[in-house]
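Listed below, chain by chain, are the residues.
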Amino acid sequence: MGSRLQLPDLKEIKINDSLWYEYTKKVADIIIPYQWTRLNGWENESKDESVCCIRNFRIAAGKEQGEHNGIVCIDSDLYKWLETTAYCIANGSGTEFGSIADEAIDLIAEAQQPDGYINTYYTIAEPDARWSNLVEGHELYCAGHMFEAAVAYFEATGKRKILDVSVRFADLICDEFGPEEGQRKGYPGHQEIELALIKLYRCTNNSRYLDCARFFIDERGKEPNYLLNEIEQRGGHAALFPEFNDYDLKYSQAHIPPREQKIAEGHAVRAVYMYSAMADIAQERGDKELLQTCRTLWKNVTEKRMYITGGIGSSGHLERFTTDYDLPNASAYNETCAAVGLAQFSRRMANIEKSTNYYDIIERLLYNNILAGISFTGDRYFYVNPLEMWPDTCIKATSMKHVKPVRQEWFPCACCPPNVARTLASLGHYIYAFNDDTVYINLFISSSYNTALNGGNAQINMKSDLLHSGEISILFNASVDLRLAVRVPDFAGEINFMVDGVEVMPRMDKGYAVFDLNTGDHHIETRFDVSPRWVVANQKVREDVGKVALMKGPCVYCLEEADNGSDLASVFVRINSETQVSDAQLPAGLPAIEYTAERLINQNQDGALYAPAYFTTSSEKVSAVPYCIWGNRKTGEMIVWQKLLPQD
Ligand code: FUB
Ligand code: ZN
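Residues numbered from 1 in each chain as written. Chains lettered and ligands numbered in written order. Predicted model: local features only at pLDDT ≥ 70, side-chain atom pairs only at ≥ 80, totals over all residues. Heavy atoms only, no water.

Points about the pairing of strand β4 (residues 438–441)
- Where burial is concerned, the two faces of β4 agree: the one with T438 and Y440 and the one with V439 and I441 are both buried.
- Of the pairings in the sheet, the one linking strand β3 (residues 432–435) to β4 comprises four bridges and is antiparallel in character. Opposite A433, over in β4, you have Y440 as the bridge partner.
- The antiparallel pairing of β3 with β4 creates a hairpin that spans two residues between the two strands, and D436 there sits at a positive phi of about 30°. (Buried < 20%, exposed > 50% of the residue type's maximum accessible area, 1.4 Å probe, protein only. Helix = DSSP H or I, 4+ residues; strand = E, 2+ residues; numbered from the N terminus. Pairing = 2+ DSSP bridges.)

So, the sheet that holds strand β1 (residues 13–15)
- With respect to topology, seven strands assemble into an open sheet ordered β1-β5-β6-β7-β13-β9-β10, the strand pairing being antiparallel. The open sheet has two edge strands, β1 and β10 (502–504), and neither has a second partner. Put simply, the sheet's adjacent strands are angled 20° from each other on average, direction ignored.
- For strand β7 (residues 471–478) and strand β13 (residues 520–527), the ladder comprises eight bridges, and the chain directions are antiparallel. Within β13, the residue paired with F476 across the bridge is H522. (Axes fitted to C-alpha atoms, helices over the stretch in contact; angles between N-to-C directions.)

Here we look at helix α4 (residues 98–111)
- Across its 14 residues, α4 extends 20 Å between first and last C-alpha, which sits within 8% of the 20 Å expected from 1.5 Å per residue.
- When α4 is considered as a whole, its buried residues turn out to be G98, A101, A104, I105, L107, I108 and A111.
- Where α4 is buried, its residues contact α1 (20–39), α2 (53–60), α3 (75–90), α6 (139–157) and α7 (161–176). (Expected span 1.5 Å × (residues − 1). Contact = heavy atoms within 4.5 Å.)

Digging into the site of ligand 1
- Around ligand 1 lies a shell formed by C73, H138, Y141, H190, H267, V269, E319, E335, Y383, C413 and C415.
- At a separation of 2.8 Å, an oxygen atom of ligand 1 approaches a polar side-chain atom of H267.
- Within the contact set of ligand 1, an oxygen atom lies 2.7 Å away from a side-chain nitrogen or oxygen of E319.
- Protein chains shield 93% of the accessible area of ligand 1, which is 270 Å² for the free molecule.
- Here the shell around ligand 1 is composed, by residue class, of six nonpolar, three polar and two charged. (Near = heavy atom within 4 Å. Polar contact = N/O pair within 3.5 Å; in protein donor to acceptor, adjacent residues only side chain to side chain. Areas by Shrake-Rupley, 256 points an atom, 1.4 Å probe, with all protein chains shown as cover. Nonpolar A, V, L, I, M, F, W, Y, C, P; charged D, E, K, R; others polar.)

Rendered as C-alpha cells:
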C-alpha cells in the first residue's frame, strides 16, 4: 500500500470522544494556563520547587539579574509548553494563547547569544564551558525541544521567528559538530536533538540538519569513546548529577554504535528518542540495515521489556532498562516521558511499515501509561507509573523514593507534564494517517477528519464505542475513488464488517482491513470484542507468575482501595469467575468491571509476624477500574496483577 504514511493536519481533526475529549479539551482550558503558571514560578517561594523557568530566560536575555535556577535541562519545559500551544493553535482550541506564545518567543530570541547559541544554564552559569559536558549538560537536548516547538509553531501559525532562532542555533550546532577536521566529534548525553533536526530538515529542506542528525547517531559508541574521554578530562567524576559517577555507557546507549544494538539498554527516554531518530533516518535514506535495527530494538522493548500498561524503564535507579522480563510492579519506574517516547518511536515505525502491530502498542500506551500520567483535572501528574501501590511504602530516602501515591503539582525536573500535554494536544496525529490514495484509521477515538487526497477530498466521521460495546461506525465521504484502511486491533477477536448495510470480507493487509470505495457516501460498521479478558504474563516475568491482569479492549484494569478496601494483596481471583461490566460513575463514563474474588483471611489473630499456617477465604464482590484513572478519587492501594486461585 504505497509510500510512507503522512501525519494528518491537526486543524482538520475534531475529537469528540467520550474519554479523550475529556482530556483534550482540558489542554486549552486548564493544562496550558496551569503549566504556564508553573513555568513562571510559584507564588509561594518557600516551596521546594520554587524554580522559575522563565526567569532564567529573562536573566540570559539581560533583562534581569540573578543566578540560574532549577535543573540544567529546565529550558526544555518552556519549549514543550510552546509545542503544546502550537498544536492547540493548529487544532483550533487554543488560539487565545497566541499572544503569550509570541511573547515567550520574543524572550527566547532575546536570550539567544549573538552567535546563535541558546541555553540559559550555560549562558548564565558557565558561559565559558559550552559543549564541555555533553554527558550531563543537556544543551543539545534543550536545543532539540526548541526545534520541535519551532517547527510546530511555524506550521501552526506561519510565523517564522522561533523557526529563525532555531535555524541560527542549528547552524551553529552543525558547524560545531561533524566529521570534518576541526569539528567536535561529540554527541548528546541525552538524545533528542537527532529527531528534532530531522523535523527541522523536513520543514526547511536544508539537508545539513539531516546530515547532522545522522552524524550524531553514527558517531555514538565509536572507539575511542567521546563521552568517556570527556569524563576522564573532568577528573573521572560527574559535575552536575552525582548519580552519573561511575558512568555506564549503556546508560546513554553509547556502549556500541546504535546500528549494532539489538537490546534496549540504559535510560529509557534516551533510548526511545534515539530509536525515533534512527527510524526517521532509515526512512529518509532508505537505509534497510538501520530499519532492521529499529525493528529488532522495537521487538526487544515490546516483547521483553515492557509492562502490560506500555510502561518501559523498570529501574527506579537511573530510570533505565534492566534485563529481559524484569518487570517489578510496585517499584516500577515507567516514566511518563518514556511511554510518550515509545509511542513516538512506534508511530514512526508504523508510518514506514504500515503494519498495525505498532499501533497495538501505541494504543496500549495511550490508554494506560500515558493517560495515567495526568489527573482527570489536568493539573496533577505522575512521573513514575507503578502497577502496584501501597502508599505507606513510598518513603523518602529508600529504594521506593521515586514512587508517589498521588499525582503531583510539578517536579524539580518537570519533563513529564508538558510531554503528556503535547501528546494530548497532537492526539489527532495518532488517530489518522494517509498516503497516496489511502486514508488510515489507526485508533478508534470518536472524531471527524477531512483531508485532501488523490486529487479529491475525503471526509470521515467516526463514532466509536470502543470502551463499552466495541461498536465502531465510520461515515466516509469521498469526492474521488479512495481506499480506506481500518486497523483491526490485536484484541478484536473474530470480526465482521458491514459496508453500506452489506456484510463484506475485506482484504487484510498487515492487520488493516482495506476497503476500495468509490466516490460518494459510505457507511462502514464493525464491532470488536471488548468483553473483559484475563491476561497472563510470560512465565519468565517472575513478578507476575501465578497472577492475572484484567483487560477490556485496550484498557488495563486495576483494583483500588477506593472500591475494595485495603489489603489488596490478600485478594485472589478465579479466572472463571464471571465478570460484569457496570456503570460505576467513573470519570468520562468509563465502565467498571465487577466480579467475585476470594479474600484470604489469616486465622492467626495474635498479631505474630509469623505463625503456623491457618487461614480461610471469604468471597466478596470486587470492582476493577481502568488503570488510566487510578488515584483520581482517593489515595490508597492499587494493584494490576492479581493473585490467581486455581479454576474450580
Ligand atoms: O534528563 C532530562 C529528562 O529528565 C529525562 O528524559 C528524564 O528521564 C528525566 O531524567
Ligand atoms: Zn519525564
